[in-house]
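Residues per chain are reported as follows:
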Amino acid sequence: MDKLMDHPWFIRVVSLLLAIMLYMSANVGAKTGETRNTFGQEDTETLIDIPVVAYYDEDNLVVSGVPKYVNVTLQGPASIVKPTALQRNFEVYVDLTELPLGTYTVPIKYRDISDKLKVTIQPSSAKVTIREKVSKRFPVGVEFFNRNKMPDGYSVGEPTVKPDAVTITGAKELIDEIAFVKAIVDLDGATETLTREARVRVYDRRGNELDIEPEPSSVEVTVPVKSPSKTVPVQVRTTGELPDGVHLVSITPEPDRVTIYGPKEVLNHIDKLEGLTVDLDDITDDATVELDAPLPDGAKNVDPDKIKVHIDVEKDVTQTWKDVPIAVVGLPDSYKAEFVKPLEGKITVRLVGPPDIVRGLTKDDIRLYVDVRGLDTGEHQVPIQWNHPEQVQWQPSAETAMVHISDKATAQ
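In what follows, the accompanying structure is described. As the structure is a computational prediction, the values presented were derived from the model and not from experiment.

### Examining the packing of aromatic side chains
And step 1. This structure, assessed with the given rule, holds three aromatic pairs.
And step 2. Taking 5.3 Å as the distance between ring centres and 20° as the angle between the ring planes, the aromatic pair formed by Phe180 and Tyr203 counts as stacked. With a gap of 23 residues between them, Phe180 in strand S13 (residues 178-186) and Tyr203 in strand S14 (residues 194-204) connect regions that are remote in the sequence.
And step 3. Overall, the relative accessible area of 30% leaves Phe180 in the partly exposed class.
And step 4. When the ring centre of Tyr93 is taken as origin, the NZ or CZ atom of Arg111, which lies over that ring, is 4.0 Å away.

Have a look at this one:
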């Protein structure tokens, strides 16, 4: 060992290591604005961007004016300055817990730093304002941007917002300045319904945007985009037939007009909505059926997409008249005719048909007759005929009559 220490290279290596250690000791932890005693007995370090903690009633108060960061200069024995600068286990703070609402200049304090160090904080104080804290819900409106850049003929419907309201918390004076809250959606080139995540912006009564962060800070906006449209009448066709004794009064679509969306060149050839068909085979009473609105070729959609068709029908009603006289027609002037049967040439007639027709008839509207044209003298059985509306059926008490024809001259 003694021989090693006597070796000149050993002395040189040890000297070099000691020099490196002294150099590192003198320079480790050096920062901007730092000055240092060359011999390390006294040390000065400036720590930048040290966060400031504010103590106050966060549930009920809002504080402004407290700086987020300060610079802290430590001066004193290097053995204390260096660990304090490296560990940074101290706190810089302002204590507002005992202050009422208002504006104050308060000192920026520190703790958990050795009393042997001189501490300088820059800035050393702050002008703070303490206000009452309030929370308020605001509905979110939607504002469109670049609406004029949508393709020709396209339009927007009523947007939906999720959630449709946000909560804003802050000083009461600031909350009172809020006039409206909006989410802005860009419509440049929009041709179909779009959904966007939009940032919520807060404005005062003059339209100036306020630097306030709502909760949530963004919402989902869905904007229906409608293509060019055309409103046309609805046409309903029927198939099948109503059962006997049931008559169709009306077929009414609801709505009777629809809006068709699609390219203009397609809409130019559409003048009505076709393709709706109602089957009458099983209709015995008033009914309503719901049908899917057919989509014309080339169109995008039809609004509404469901059509209700109201089918109004009438069932036959009856009307009965007794002693309706039967007239004789076609009888030559030289003959006379007498009814053998029915007696006195009168029968009972029962009418069956649509209510609006049957109920509108009177006994005088019913003309019964027998045609004896070309018949000779004697008794003849002839059919009883009548003049009646086409939609009305008649049920006579007798369908034929026995008529006796005689010569007037012989009878005298």
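### Examining the side chain of Thr84
And step 1. Along the polypeptide, Thr84 turns up in helix H3 (residues 78-87).
And step 2. Sequence-distant contacts of Thr84, that is, excluding residues within four places in its chain, are made with Leu74, Phe90 and Leu117.

### Some points on the pattern of salt bridges
And step 1. Counting across every chain of the model gives 12 salt bridges.
And step 2. Residue Arg199 pairs with Glu209 through a salt bridge whose shortest N-O separation is 3.3 Å. Here Arg199 is found in strand S14, whereas its partner Glu209 is found in the loop between S14 and strand S15 (218-223), with 10 residues between them in sequence.
And step 3. A salt bridge links Asp204 to Arg206; the nearest nitrogen and oxygen atoms lie 3.3 Å apart.
And step 4. By relative accessible area, Arg206 is classed as exposed at 66%.
And step 5. Three or more residues are tied together by salt bridges with common partners; here these are Arg199, Arg201 and Glu209.

### Description of a negative patch on the surface
And step 1. Residues Glu241, Asp244, Asp279, Asp281 and Asp282 make up a contiguous surface patch of negative charge.
And step 2. Judged by relative accessible area, Asp244 falls into the exposed class, the value being 80%.

### Focus on the sheet that holds strand S23 (residues 306-315)
And step 1. The three strands are arranged S18-S23-S21 in an open sheet whose pairing can be described as antiparallel. A single partner strand is all that each edge strand has here, and the edge strands are strand S18 (246-254) and strand S21 (287-292). Neighbour to neighbour, the strand axes of the sheet diverge by 25° on average, direction disregarded.
And step 2. By the bridge criterion, eight bridges tie S18 to S23 in an arrangement that is antiparallel. Residue pairing across strands places Val246 opposite Lys315, the latter belonging to S23.

### Focus: the sheet that holds strand S26 (residues 346-353)
And step 1. What the five strands build is an open sheet, ordered S29-S27-S24-S26-S30; its pairing is mixed. Taken across any chain shown, the strands that pair with only one partner, and hence form the sheet edges, are strand S29 (385-387) and strand S30 (393-396). Looking at each pair of strands side by side, their axes are set apart by 40° on average, direction ignored.
And step 2. Direction of pairing for strand S24 (residues 317-329) relative to S26: antiparallel, over a ladder of seven bridges. Residue Gln319 lies in a different strand from S26, and its bridge partner there is Leu351.

### Details of the environment of Thr362
And step 1. Looking at the secondary structure, you find Thr362 in the loop between helix H6 (355-358) and strand S27 (367-371).
And step 2. For Thr362 and Trp321, which are 41 residues apart along the polypeptide, the C-alpha to C-alpha distance reads 8.9 Å.

Parameters and conventions
- Residues numbered from 1 in each chain as written.
- Predicted model: local features only at pLDDT ≥ 70, side-chain atom pairs only at ≥ 80, totals over all residues.
- Heavy atoms only, no water.
- Phe/Tyr/Trp six-rings, centres within 6.5 Å; stacked < 30°, edge-to-face > 60°.
- Helix = DSSP H or I, 4+ residues; strand = E, 2+ residues; numbered from the N terminus.
- Buried < 20%, exposed > 50% of the residue type's maximum accessible area, 1.4 Å probe, protein only.
- Lys NZ or Arg CZ within 6 Å of the ring centre and 35° of its normal.
- Contact = heavy atoms within 4.5 Å.
- Salt bridge = Lys/Arg side-chain N within 4 Å of Asp/Glu carboxyl O.
- Patch = residues over 30% accessible without salt bridge, like charges linked within 9 Å, V, L, I, M, F, W, Y side chains within 5 Å.
- Areas by Shrake-Rupley, 256 points an atom, 1.4 Å probe, with all protein chains shown as cover.
- Lys, Arg positive; Asp, Glu negative; His and termini not counted.
- Charge placed at Lys NZ, Arg CZ, Asp CG, Glu CD.
- Pairing = 2+ DSSP bridges.
- Axes fitted to C-alpha atoms, helices over the stretch in contact; angles between N-to-C directions.

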